[in-house]
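Commentary on secondary and tertiary structure
This is what each chain is made of:
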Amino acid sequence: MTDSEPGVAPAAPGGPDPGLSPISALTGTFTSPANTFAGLVRRPTWWLPLLLWLGGIAVVILVSTPKVDMERTMREMFEKRAEKTGQSMSDEQIREMAARSNRTPAKAAAWGVPTSVLMFLFVTLVLWGGARASGSEARFSQVLSVWGHANLPNVVGLVVAIPILASLPDASETQFSIQRALKSNVGAFLPADVPVFLSSVASSIDLFSLAALALLVVGMKKLPAMPSGAGLAVPVVLWAVYVLGKAALAAAFLG
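Conventions we followed
Residues numbered from 1 in each chain as written. Predicted model: local features only at pLDDT ≥ 70, side-chain atom pairs only at ≥ 80, totals over all residues. Heavy atoms only, no water. Salt bridge = Lys/Arg side-chain N within 4 Å of Asp/Glu carboxyl O. Helix = DSSP H or I, 4+ residues; strand = E, 2+ residues; numbered from the N terminus. Buried < 20%, exposed > 50% of the residue type's maximum accessible area, 1.4 Å probe, protein only. Patch = residues over 30% accessible without salt bridge, like charges linked within 9 Å, V, L, I, M, F, W, Y side chains within 5 Å. Areas by Shrake-Rupley, 256 points an atom, 1.4 Å probe, with all protein chains shown as cover. Contact = heavy atoms within 4.5 Å. Core = buried A, V, L, I, M, F, W, Y, C linked by side-chain atoms within 4.5 Å. Axes fitted to C-alpha atoms, helices over the stretch in contact; angles between N-to-C directions. Parallel < 35°, antiparallel > 145°, perpendicular 65-115°, else oblique. Left-handed = near helix turned anticlockwise from the far one by under 90°.

So, the pattern of salt bridges
Scanning the entire structure with this criterion turns up two salt bridges. Two residues, arginine 75 and glutamate 71, come together in a salt bridge whose shortest N-O distance is 2.9 Å. Remark: glutamate 71 and arginine 75 occur in helix 4 (residues 70-85); sequence separation between them is four residues, near one turn of the helix. A residue is classified by how much of its surface remains accessible, and arginine 75, at 23% relative accessible area, is partly exposed.

Observations concerning a nonpolar patch on the surface
Judged by side-chain polarity, Phe30, Val156, Val160 and Ile164 come together as a nonpolar surface patch covering roughly 300 Å² of accessible area. The greatest single-element share of the nonpolar patch, amounting to three residues, is contributed by helix 8 (residues 152-166). Take valine 160: it is sitting in helix 8.

So, the environment of alanine 230
Within the element layout of this structure, alanine 230 appears in helix 11 (residues 228-254). Taking C-alpha positions, alanine 230 is 6.3 Å from serine 134, a pair spaced 96 residues apart along the chain.

Considering the side chain of serine 145
Take serine 145: it is sitting in helix 7 (residues 140-150). Each residue touching serine 145, except ones within four places of it in the same chain, is listed here: Leu40, Pro44, Thr45 and Trp46.

Some words on the nonpolar core
The biggest cluster of nonpolar side chains holds 47 residues, and the ones touching the most others in it are Trp53, Leu165, Leu216, Met220, Leu223 and Met226. Ranked by residues supplied to this core, first place goes to helix 3 (residues 47-64) with eight residues. Dropping the residues within four chain positions of it, leucine 216 is found in contact with Leu127, Val146, Trp147, Ala150 and Pro235.

As for the packing of helix 6 (residues 105-133) against helix 7
One can describe the packing of helix 6 onto helix 7 by two numbers: an axis separation of 9 Å at closest approach and a directional angle of 120°. It follows from the interaxial angle that helix 6 and helix 7 lie oblique. As for the relative orientation of helix 6 and helix 7, their crossing is right-handed in sense. Contacts between helix 6 and helix 7 involve Phe120, Leu121, Val123, Thr124, Leu125, Leu127 and Trp128 on the former and, on the latter, Phe140, Val143, Leu144, Trp147 and Gly148.

Take a look at the structure:
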């Protein structure tokens, strides 16, 4: 028996730390997160969770795009804005905007996947900046590895959502209602007429997202020279800022 992390072969005396294999890092994230993140900080690996995340997003986009009625989405959005501003749009204008917004599933995925890569890297950059500002000596690759594996519960959420979305009739949903298809967040159980700000905040209180946040706290605490309090505060504060900022933007545009 040794004290090495699951899936790590013991290093030869004086030899380099072999690190975690990508597969054992995936399983260890759920079965032994503290040891796994410690191993990932020593020898970062991030490509497999990123590929799984992008693959899940691509499939969700391909499956969900035909389920959304863009004309009804536009009509619902401008009706809400009209209630707030008093400005309305004609049916013809709404149809023209919906036609311009319509994308085939393949085109939607071709736009959504690269955007998700950029967002993944942006989140890593923000977390890295927060860690460095807190006194940690973490390298970008270490934070990238921690975030990639902490994000795995959201990958599970995508996998769970796929059959639910696939079961919906084509053109039966709007971009707003389809977000309620997976009943993993508080917002999915609220009435459709609740204020937009409240609905957005409630939708962020999500089982998979909170699991990812909990894992991120565990991982951030393993970064080199990371104060324990900062390991908790950095991800939680940044998550709260994101949730409130997203809700404020939704309220500004949708009323």
